[in-house]
Amino acid sequence: MRPNQSVLPFTPHAWLTNPHGQTLVAKYQHRPHLLAGVPHEERLFRVDTNSRIKGVCSWQTNRQVPGLVLVHGLEGCHDSHYMRGIAHKAWHAGLHVIRLNQRNCAGTERLTPTLYNAGLSHDVRAVVDELVNKDGIEALWVAGYSMGGNLVLKMAGEAGDACPGLRGVAAVCPNVHPAACVSALEQRRNWIYHQYFLRKLKARVKRKAKHFPGQWDLSLLNNVRTVSQFDDAYTAPDGGYRNAADYYERSGARHVLESIRIPTLLITAQDDPFVPFASFDVPRIRRNPCIQFITPAKGGHCGFLQPSRKNEDCSWAENRIVEWIRRG
């Protein structure tokens, strides 16, 4: 495991030492300055014969500079607060920034006949390959949050050292063990998060059905009361898995972490409400010298809100990722 290279430690804001406070305040904090004046253009990336995904690209004038691809979490999009926050910082640090939407997100249901799932790491790889081979970006980093973190770690592990142009990956609170995460999400203490995701997932499959009539049996939704039931009824069969258990087992990045051969930054909070810290206490992470593992005691799920410092705002994880890339 790589040593923490003088990483500024995380100190939670005095009012936000509770994991739920960190998680919820981070999601709803008001940051009106983000991406003000930053150029952007939409672009469709083909990831398989029948599917395209949308990226929102902020290019530097000098096309020879490195780039950062960002991947959101479950039911997020390019406009999620953390995607905008890190994009703002990365672009002002001199990087191209591509905020990638997973399949169906940001109003793109018509662009693919499938649902999205936590195993579609080849979508991210397809985007990396296109940016390197078509756009000529010679140095790329990829960062993902939550489910997006699992995707980028899975991609890196599957690629080993055979992904030209990819210089490193970063993951914040990645759900590398999906079964453990869903089990935690469905606990009573996480009711607010569970209901939020379940409501959004149900709404998404209904929108998909309007574009692809007859492909999903919407009557099954009447009996879906949990995320695992949704995945069993829709996500797993749509993705070619036998059932939810098979989907969770095969899509988790934990199986390939040992194979990562590029610099990797993994940040997760020990008090994350629904990504159990025990998921990371495995030899595949601990013995891989390419993985720099940073585990603050506090931070919630993708929160990491600290008191503002001189020359640094309250979003600690965003700052650490951009700092790490600049050092690389």
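Each remark here, short or long, concerns the structure printed above.
Computed from a predicted structure; not experimentally measured.

Novice: Would you explain helix α10 (residues 316–327) in this entry?
Specialist: Since the α-helix turns once every 3.6 residues, residues separated by three or four places project in the same direction. Its 12 residues place the ends of α10 17 Å apart at the C-alpha level, agreeing with the 16 Å of an ideal helix rising 1.5 Å per residue. Here α10 lies mainly inside the structure; nine of its 12 residues are buried. Of the positions making up α10, those classed as buried are W316, A317, E318, N319, R320, I321, V322, W324 and I325. Tucked inside the fold, the buried residues of α10 contact β3 (67–71), α2 (81–92), β5 (140–145), β6 (166–172), β7 (264–267) and β8 (291–294).

Novice: Would you take a moment to explain the sheet that holds strand β4 (residues 96–100) for this structure?
Specialist: Remark on secondary structure: sheet strands pair via backbone hydrogen bonds, oriented parallel or antiparallel. In space, the eight strands of this open sheet follow the order β1-β2-β4-β3-β5-β6-β7-β8, with mixed pairing throughout. Edge positions in the sheet fall to β1 (41–48) and β8, since each has one partner strand and no second. In this sheet, adjacent strand axes meet at a mean angle of 20° when their direction is disregarded. Sheet analysis places β7 next to β8, joined by four bridges and oriented parallel.

Novice: Looking at this structure, I do not really get the pairing of β1. What am I missing?
Specialist: Two faces belong to every sheet, and in a regular strand the side chains alternate between them. Of the pairings in the sheet, the one linking β1 to strand β2 (residues 51–58) comprises seven bridges and is antiparallel in character. By the bridge assignment, F45 is partnered in β2 with I53. The antiparallel pairing of β1 with β2 creates a hairpin that spans two residues between the two strands.

Novice: Explain the pairing of β4 here, please?
Specialist: When you tally the buried positions in β4, you get five out of five residues, the bulk of the element. Neither face of β4 is exposed, since H96, I98 and L100 on one face and V97 and R99 on the opposite face are all buried. Where β2 meets β4, four bridges bridge the pair, whose relative direction is antiparallel. Of the residues in β4, the one forming a bridge with V56 is R99. Two strands pair when backbone bridges link them, and β3 and β4 are joined in this way by five bridges, in the parallel orientation. Bridged to L68 within β4 is V97. Read from β3 through α2 to β4, the crossover connection turns out right-handed.

Novice: Please clarify how the nonpolar core should be interpreted in this entry.
Specialist: Where a protein is soluble and globular, its nonpolar side chains tend to be buried together. L131, V142 and L153 are the most contacted members of the largest nonpolar core, which totals 68 residues. It is helix α4 (residues 147–159) that contributes the most residues to this core, seven residues altogether. Discounting residues that sit within four places of it in the chain, V142 has contacts with L68, V69, V71, V124, V128, V152, M155, L166, G168, V169 and A170. By size, the runner-up hydrophobic cluster in this structure holds 32 residues, among which are M83, Y145, I294 and F304.

Novice: I tried to follow α4 on my own but got confused; where do I start?
Specialist: Helix length check: α4, at 13 residues, gives a terminal C-alpha distance of 18 Å against a target of 18 Å (1.5 Å per residue), a fit within 8%. Of all the 13 residues making up α4, 12 are buried; the element is thus mostly covered by neighbouring parts of the structure. For α4, the set of buried residues is M147, G148, G149, N150, L151, V152, L153, K154, M155, A156, G157 and A159. Taken together, the buried residues of α4 touch β3, α3 (121–133), β5, β6, α8 (244–251) and β7. Just past α4, the residue G160 takes up positive phi, approximately 60°.

Novice: Would you take a moment to explain the packing of aromatic side chains for this structure?
Specialist: The relation between two aromatic rings is expressed through the spacing of the ring centres and the mutual angle of the planes. The tally for this structure, following the rule as stated, stands at 13 aromatic pairs. With centroids separated by 5.4 Å and ring planes inclined at 50°, the aromatic side chains of F10 and W316 adopt a geometry described as tilted. Remark: W316 occurs in helix α10 and F10 occurs in the segment before α1 (19–28); sequence separation between them is 306 residues. Comparing F10 with W316 shows no difference in burial state: the two are buried. Feature note: the residues Y193, Y196, F197 and F274 constitute an aromatic cluster, connected by ring pairs. One residue, K27, lies across the ring of Y28, its end atom 5.3 Å from the ring centre. Over the ring of Y116 we find R204; its NZ or CZ atom is 5.6 Å from the centre of that ring.

Novice: How do you make sense of the side chain of S58 when you look at a structure like this?
Specialist: Summarising the element assignment, S58 is placed in strand β2. For S58, the side chain forms a polar contact with the main-chain oxygen of P39, separated by 2.7 Å. When near neighbours in sequence (up to four residues on either side) are disregarded, S58 contacts V38, P39, H40, W91, L95, H96 and V97.

Novice: In this structure, what is going on with unusual backbone geometry? I would like to understand it.
Specialist: With a phi angle near 55°, S146 is a residue other than glycine that sits in the positive phi range. Mapped onto the secondary structure, S146 falls in the loop between β5 and α4. By relative accessible area, S146 is classed as buried at 12%. Phi at N311 takes a positive value of approximately 65°, unusual for a residue other than glycine. Structurally, N311 is set in the loop between β8 and α10.

Parameters at a glance
- Residues take numbers from 1 onward in each chain, read along the sequence in its written order.
- This being a predicted model, a pLDDT of at least 70 is required before a residue's local features are given, and a value of 80 or more before pairs of side-chain atoms are given or counted; all residues contribute to the totals for chains, interfaces and linings.
- Side-chain measures here rest on the full set of heavy atoms in the structure, leaving out hydrogens and waters.
- Runs of H or I in DSSP of at least four residues are treated as helices and runs of E of at least two as strands, each being numbered from the N terminus.
- Residue count minus one, scaled by 1.5 Å, sets the expected span of a helix.
- We call a residue buried when its accessible area falls under 20% of the maximum for its residue type, exposed when it is over 50%, and partly exposed in between, using a 1.4 Å probe and counting protein chains only.
- By definition in these notes, contact holds between two residues if any of their heavy atoms fall within 4.5 Å.
- The pairing criterion is simple: DSSP has to find at least two bridges between the two strands.
- Lines are fitted to the C-alpha atoms to define the axes, a helix being fitted only along its stretch in contact, and any angle between axes, read from their N-to-C directions, falls within 0 to 180 degrees.
- Here a crossover is taken to be right-handed if, once the strands point away from the viewer, the path from the first strand over the helix to the second is traced clockwise.
- To qualify as a nonpolar core, a set must consist of buried Ala, Val, Leu, Ile, Met, Phe, Trp, Tyr and Cys residues joined through side-chain atoms within 4.5 Å.
- Note on aromatic contacts: the rings of Phe and Tyr and the six-membered ring of Trp form a pair at centre separations within 6.5 Å, being stacked when their planes are under 30 degrees apart, edge-to-face when over 60 apart, and tilted otherwise.
- For a Lys NZ or an Arg CZ to count as sitting over a ring, it must be within 6 Å of the ring centre and within 35 degrees of the ring normal.
- Polar contact is the term for a pair of N or O atoms within 3.5 Å; when the atoms are in protein, one must be able to donate a hydrogen and the other to accept it, and sequence-neighboring residues count only if both atoms are side-chain atoms.

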